[in-house]
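# Residue-level structure breakdown
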Amino acid sequence: SFTEDQFPDQKFDYHIANPPFGVEWKRQKDEIEKEARKLGYAGRFGAGLPRINDGALLFIQHMISKFEPYDTKTKKNGSRLAIVFNGSPLFTGSAGSGESDIRKWIIESDWLEAIIALPEQMFYNTGIGTYIWIVTNRKEKQRKGKIQLIDARDKWKPLRRSLGNKRRELGEDDISSIVKLYGNFEESEFSNLFDNSDFGYSRVTIERPLRLRFQIDTDRKSRYLEALPSLLKD
């Protein structure tokens, strides 16, 4: 996907992906960095590059590059994507890092519509918590400038038989409940609405002032008086 774009000139209405978690992109590093440097935002990776051992945010940039523009005058309907991530793309990278710059680009472009926290033990090869990111360039009016966080961690039913680390799944009622939370776009026990600006932050270096402790005593006074003539001479 990163080095051999099979759809270089095509745009799509909907995108769905479940990329591998924590995939390393060391082997593709030279080609990806070359594209980012040469094409910038005209290519797929202009917003930034994440750390070498986790290419999750490269996948979402790749998908966004396939967005159909939204323009009612030319009857362009825009696009929407859903991608499954682990927690890493949410939290890694301090301000100014590649991960932070990618998140900043998505949020400031007002594309991040919702993040849904899924139950643990949903996948065959890992039991960790996962999240669905919903990203679109055609937000409805009431969603503009807002991000919805949905907590669906308790919405699951057990499998009759475990499949590796997969012991849970979403039942029809669970899916219906999550879709309803998303569609209602209201504050509730399982749904929270935030402004885009709530997710912005800066990194500030705080330097502690120099602290000196001075206390006069007989010994220090003697040493000071002994040194005083040479100090005055200098």
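Provided above is the structure to which this section pertains.
Remember, it's a predicted structure, so these values are computed and weren't measured experimentally. The residue count restarts for each chain, going from 1 along the sequence in the order it is written. A pLDDT threshold of at least 70 governs which residues receive local features in this predicted model, and a stricter bar of 80 or more applies before side-chain atom pairs are shown or counted, although totals over entire chains, interfaces and linings include all residues. Heavy atoms from the whole structure form the basis of all side-chain values; hydrogens and water molecules are not counted.

## Comments concerning the sheet that holds strand β7 (residues 146-151)
At least two bridges found by DSSP between two strands is the condition for calling them paired. A run of DSSP states H or I qualifies as a helix once it reaches four residues; a run of E qualifies as a strand once it reaches two. Both are numbered from the N-terminal end. Taken in spatial order, the 6 strands make up an open sheet running β1-β4-β6-β5-β7-β10, and their pairing is mixed. In this open sheet, the two strands that pair with only one neighbour each are β1 (14-17) and β10 (191-195). Between one strand and the next, the sheet's axes are offset by a mean angle of 15 degrees, whatever the strand orientation. We call two residues contacting when some pair of their heavy atoms lies within 4.5 Å. Fitted lines through C-alpha atoms serve as axes, helices being fitted only where they are in contact, and the angles separating the N-to-C directions of these axes extend from 0 to 180 degrees. Along the sheet, helix α2 (residues 56-64) makes contact with β1, β4 (80-85) and β6 (131-136), crossing β4 at roughly 170 degrees. Running at roughly 160 degrees to β7, helix α5 (residues 172-184) makes contact with β4, β5 (112-117), β6, β7 and β10 of the sheet.

## Quick word on the packing of aromatic side chains
Only Phe, Tyr and Trp rings are paired, with Trp represented by its six-membered ring, and only when their centres lie within 6.5 Å; those with planes under 30 degrees apart are stacked, over 60 edge-to-face, the remainder tilted. In the structure shown here, the tally under the stated rule is 9 aromatic pairs. Measuring from ring centre to ring centre gives 4.6 Å for F2 and F59, while their planes differ by 50 degrees; the resulting arrangement is tilted. Highlighted residues: F2 in the segment before β1 and F59 in helix α2, separated in sequence by 57 residues. For the pair F2 and F59, one class covers both residues: buried. Aromatic side chains F194 and F199 sit 5.7 Å apart centroid to centroid with 75 degrees between the ring planes, which places their arrangement in the edge-to-face category. Look at F194 and you get partly exposed, because its relative accessible area is 29%. Only protein chains enter the accessibility calculation, which uses a 1.4 Å probe; a residue is then buried when its area is under 20% of its type maximum, exposed when over 50%, and partly exposed in between.

## Topic: unusual backbone geometry
At Q121, a residue that is not glycine, the phi angle is positive and equals roughly 60 degrees. In this fold, Q121 is placed in the loop between β5 and β6. One non-glycine residue, F185, lies in positive phi territory at about 50 degrees. Here F185 is to be found in the loop between α5 and β10.

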